[in-house]
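# A closer look at the structure
Below, each chain spelled out in residue letters.
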Amino acid sequence: MNSPRRVLITGATGGMGQAFVAAFLAAGDAVVLADKSAAALSTMKRRLGAAIETHVYDQADAVSIRHLVSAVRAVDVLVNNAGIILRKTLLDSTDADVQRVVAINLTGPILLARGIAKSMIRKGSGVVINISSQHAFTGALARGVYSTTKAGMVQFTRVAAREWAPCGVRVVGIAPGVTDTPMLTDSLSSPASRAKILSTIPLGRVGTPDEVAALAVFLASSAAGSIVGHTVVSDGGSVLV
């Protein structure tokens, strides 16, 4: 009988992160949770059981990322999910804003993936799933820095895939569209704002975290064994508009 895969999920306590955790647990995997919030991790650990492995780290800190890589040891799948959003125009964004968003959304995921991929390459197998956004392809007003970092993740996915696929490591990405998570609560709070958002989605509804998580489980599976370097857009058709 094969041992369960070890799946490292960053940003594990957020709306999307919790969906990833539930989906991979349902698939029979052993999940490893990483997040900046020790309190939120403790709450999840109590809910899921003491056997769940958790790690506190800061994705804006290269030293903290190195400690996380060392602590988790080898994993079979990395869900590179942690990130933040900045709702400011380019000119309204401060230098500190730009540096923080780039550090958390782009530099941090690259450093983490590099560290985790080393052990995957040594054993000749593994999957890295980078979480981007539909805004990587469309841009977004008042989200310029965020959109730029997510576009960077798409390109990082391509480049890392080309480098690591010959070593048995697949790198893929997911670009969710408007998804019903706590991050979107304010945008969906009024009928007018909700109607405006829905008008940009051909499918006529927002996505769910469970849909994105199911896609991640598929991309990590042998059924997706020939998918390499692509970022799959799950947005209800918004990028088509």
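Structure report, in brief. Every value quoted in this text rests on a predicted model; they were computed, and no experiment measured them.

### Description of helix 4 (residues 95-123)
In an α-helix, one full turn covers 3.6 residues, which means residues spaced three or four apart are oriented alike. Between its first and last C-alpha, helix 4 extends 41 Å over 29 residues, near the 42 Å set by a 1.5 Å rise per residue. The axis of helix 4 is deflected most strongly, by about 45°, at Ala103. Just downstream of helix 4, Gly124 is the residue with a positive phi angle, here 85°.

### Looking at the layout of surface pockets
By volume, the second largest pocket amounts to about 160 Å³. If you trace the second largest pocket, you find it lined by Ala62, Ile65, Arg66, Val69, Leu111, Arg114, Gly115 and Lys118. If you list the elements that add at least two residues to the lining of the second largest pocket, you get helix 3 (62-72) and helix 4. Split into classes, the residues belonging to the lining of the second largest pocket amount to 4 nonpolar, 1 polar and 3 charged.

### Digging into the pattern of salt bridges
Evaluation of the coordinates by the stated rule reveals 5 salt bridges. Its salt-bridge partner being Arg205, residue Glu211 comes within 2.6 Å of it at the nearest N-O pair.

### As for the environment of Arg194
Inspection of the secondary structure assignment puts Arg194 in helix 7 (residues 191-198). The sequence separation of Arg194 and Arg205 amounts to 11 residues, and the corresponding C-alpha distance is 9.6 Å.

### Brief notes about a nonpolar patch on the surface
On the surface, Phe137, Val233 and Val239 cluster together into a nonpolar patch covering about 200 Å² of accessible area. Along the chain, the position of Val239 falls in the segment after strand 7 (231-234).

### Thoughts on the environment of Ala160
Relative to the helices and strands, Ala160 resides in helix 6 (residues 144-164). Excluding residues that lie within four positions of it along the chain, Ala160 makes contacts with Ala165 and Val171.

### What to know about the pairing of strand 5 (residues 126-131)
Burial of strand 5 is extensive: 6 of the 6 residues sit out of reach of the surface. Residues Gly126, Val128 and Asn130 of strand 5 are buried on one face, and the alternating residues Val127, Ile129 and Ile131, pointing to the opposite face, are buried as well. Traced from strand 4 (residues 77-80) through helix 4 to strand 5, the parallel crossover comes out right-handed.

### Structural notes on unusual backbone geometry
Even without being a glycine, Arg73 presents a positive backbone phi close to 60°. By the secondary structure assignment, Arg73 is in the loop between helix 3 and strand 4. The exposed category is assigned to Arg73, whose relative accessible area is 52%. Positive phi is not limited to glycine here, since Ala142 has a value of about 65°. Within the secondary structure layout, Ala142 lies in the loop between helix 5 (135-138) and helix 6.

Scoring rules and cut-offs
- Per chain, residues are indexed from 1 in the order of the written sequence.
- Two thresholds apply to this predicted model, a pLDDT of at least 70 for residue-level local features and 80 or more for giving and counting side-chain atom pairs, whereas whole-chain, interface and lining totals are computed over all residues.
- Side-chain numbers come from the whole structure's heavy atoms, not from hydrogens or water.
- Each helix corresponds to a stretch of at least 4 residues labelled H or I by DSSP, and each strand to a stretch of at least 2 residues labelled E; elements are numbered beginning at the N terminus.
- A helix is expected to span 1.5 Å for every residue after the first.
- Fitting one axis to the seven residues ending at a residue and another to the seven starting there, the bend at that residue is the angle between the two axes.
- Both cavities and pockets are sets of points on a 1 Å grid over the protein atoms alone; in a cavity a 1.4 Å probe fits but cannot get out, in a pocket the set is open with protein on both sides within 12 Å along at least five of seven lines, and lining residues sit with an atom within 4 Å of a point.
- Grid points are joined across faces, edges and corners, and a volume is the space filled by probe spheres set on the points.
- Note on residue classes: Ala, Val, Leu, Ile, Met, Phe, Trp, Tyr, Cys and Pro are nonpolar, Asp, Glu, Lys and Arg are charged, and everything else, Gly too, is polar.
- Salt-bridge detection follows one rule: a side-chain nitrogen of Lys or Arg within 4 Å of a carboxyl oxygen of Asp or Glu.
- Patches here are clusters of residues that have more than 30% relative accessible area and form no salt bridge, with a 9 Å joining cutoff for like charges and a 5 Å cutoff for nonpolar side chains (Val, Leu, Ile, Met, Phe, Trp, Tyr).
- Accessible areas in this description were obtained via Shrake-Rupley with a 1.4 Å probe; residue shielding takes into account the shown protein chains only.
- We call two residues in contact whenever any of their non-hydrogen atoms come within 4.5 Å of each other.
- Partly exposed residues are those whose accessible area sits between 20% and 50% of the maximum for their type, while under 20% is buried and over 50% is exposed, using a 1.4 Å probe and protein chains only.
- If the strands point away from the viewer and the path from the first strand over the helix to the second runs clockwise, then the crossover is right-handed.

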